[in-house]
Amino acid sequence: GVKPDQTEIRYRGVPVGQVTTIELAEKQQQVVVTAQLRRTAAGLAREGSLFWVVRPEVGFGTVRGLSTVLTGAYIQAIPGRGKDRRKFTGLESASPTLGQPGLNLILSARQLGSVRVGSPVVYRGIEVGSVTGADLGPDATSARLKVFIEQRYARLVRIGSRFWLVSGVDVDFGLFRGLQVNVESLRTLVGGGLAFATPDDSSGTVKDGTLFLLHDKPQPEWLEWMPKIPVAAGE
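Only a predicted model underlies this, so the values are computations on that prediction, with no experimental measurement involved. (Residues numbered from 1 in each chain as written. Predicted model: local features only at pLDDT ≥ 70, side-chain atom pairs only at ≥ 80, totals over all residues. Heavy atoms only, no water.)

### A word on the pattern of salt bridges
Phase 1: A full pass over the atoms with the stated rule returns 3 salt bridges.
Phase 2: The closest approach of N and O atoms between D84 and R46, which form a salt bridge, is 3.6 Å. With D84 in the loop between β7 (74-78) and β8 (102-109) and R46 in the loop between β3 (31-37) and β4 (50-54), this pair connects stretches of sequence that are 38 residues apart.
Phase 3: With a relative accessible area of 54%, D84 lands in the exposed category. (Salt bridge = Lys/Arg side-chain N within 4 Å of Asp/Glu carboxyl O. Helix = DSSP H or I, 4+ residues; strand = E, 2+ residues; numbered from the N terminus. Buried < 20%, exposed > 50% of the residue type's maximum accessible area, 1.4 Å probe, protein only.)

Here it is, written out as structure tokens:
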């Protein structure tokens, strides 16, 4: 969808440049896009700056870039802080949590079920994060999820925390108690999600990139855990 003399480069929603030419690289394995920035936006051309193409995305729990249906694709930029630079490798796509402070985790599971990028992560029914990536493990015997926990909730995750899949609806039938239906949330009902619990005797906080196992369902005792962990006040 990128076109010469039409596709804009934008920062904070403001057009700051335009694509001038598009051609194949020498080995024909990549596309080289040349663009010109306005003089007032020259600071975007620095080491650490990020560029990616914004296109419409519609999925379970995810709606992004719909304005591009009418205006066409555009290139989004986020400035770096390094030295001046003129050549960059564009991102395939940008993480929805790009630039946000928080805790990044990796979860390993046999199967991911209905969980997808953008699926919510909940703690006691409150959404505290989301799934930002999915791939196979190093030897293809497991699936790996990248999970982002918002900064104010990062302390809820401890070494002994347990994560499990949430399908959205839990149906239980008993002869004397009848039919019981528990709906976790509308988003997990549609696209699946994850939940976690932390034990009462919770140990220290975890580092960025810590690996956890992702269970198919929670153990009954996990749902009884009620640790007192201070959470920063919301805005």
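There is more to say, and it comes next.
### Focus on the nonpolar core
Phase 1: Within the largest apolar cluster, 26 residues are counted, with the highest numbers of intra-cluster contacts made by L105, L145, V147, I149, V157, L194 and F196.
Phase 2: Elements with a minimum of two residues in this core: β8, β9 (120-123), β10 (126-136), β11 (143-150), β12 (162-166), β15 (193-197) and β16 (211-215).
Phase 3: Ignoring sequence-local partners within four residues, the contact set of L194 consists of L107, V115, P120, V121, V122, V131, L145, V147, W164, L165, V166 and L214.
Phase 4: The next biggest cluster of nonpolar side chains, apart from the first, holds 8 residues, and it includes I9, A41, I75 and A77. (Core = buried A, V, L, I, M, F, W, Y, C linked by side-chain atoms within 4.5 Å. Contact = heavy atoms within 4.5 Å.)

### Describing the sheet that holds β16
Phase 1: Strand order in the closed barrel formed by 7 strands is β8-β11-β10-β9-β15-β12-β16, and the pairing between neighbours is mixed. In this sheet, adjacent strand axes meet at a mean angle of 35° when their direction is disregarded. (Pairing = 2+ DSSP bridges. Axes fitted to C-alpha atoms, helices over the stretch in contact; angles between N-to-C directions.)

### Let's talk about the sheet that holds β7
Phase 1: Across the sheet, which stays open at both edges, the 5 strands sit in the order β3-β2-β1-β7-β4 with mixed pairing between neighbours. If you trace the sheet from one side to the other, it starts and ends with β3 and β4, each paired once. Pairs of neighbouring strands in the sheet enclose a mean axial angle of 35°, with direction left out of account.
Phase 2: Two strands pair when backbone bridges link them, and β4 and β7 are joined in this way by 5 bridges, in the antiparallel orientation. Directly across from W52, in β7, lies its bridge partner Q76.

### Considering the pairing of β10
Phase 1: Bridge count between β9 and β10: 4 bridges; the pairing is antiparallel. Looking at the pairing, V121 lines up with G129 of β10.
Phase 2: A loop of 2 residues connects β9 with β10, the two strands running antiparallel in sequence, and R124 in this loop sits at a positive phi of about 55°.
Phase 3: For β10 and β11, the ladder comprises 7 bridges, and the chain directions are antiparallel. If you follow L136 over to β11, its bridge partner there is A143.
Phase 4: Hairpin connection of β10 to β11: 6 residues between the antiparallel strands, including A140 at a positive phi of 65°.

### Describing the packing of aromatic side chains
Phase 1: In this structure the tally under the stated criterion is 6 aromatic pairs.
Phase 2: Ring geometry for Y123 versus F196: centroids 4.9 Å apart, planes at 45°, classification tilted. Within this pair, whereas Y123 is found in strand β9, its partner F196 is found in strand β15, the two being separated by 73 residues in sequence.
Phase 3: Judged by relative accessible area, which is 9%, Y123 ranks as buried.
Phase 4: Between F163 and F196, the ring centres sit 5.0 Å apart and the planes meet at 25°, which makes this aromatic pair stacked. Of this pair, F163 sits in strand β12 while F196 sits in strand β15, and the two are 33 residues apart along the sequence.
Phase 5: Residue F196 is classed as buried on the basis of its relative accessible area of 2%.
Phase 6: The rings of Y123, F163, F196 and F212 are connected pair by pair, giving a single aromatic cluster.
Phase 7: Here R10 stacks its cationic end above the ring of Y74, 4.1 Å away from the centre of that ring.
Phase 8: It is R85 that lies over the ring of F88; its NZ or CZ is 5.5 Å from the centre. (Phe/Tyr/Trp six-rings, centres within 6.5 Å; stacked < 30°, edge-to-face > 60°. Lys NZ or Arg CZ within 6 Å of the ring centre and 35° of its normal.)

Just distances and angles here, no functional claims.
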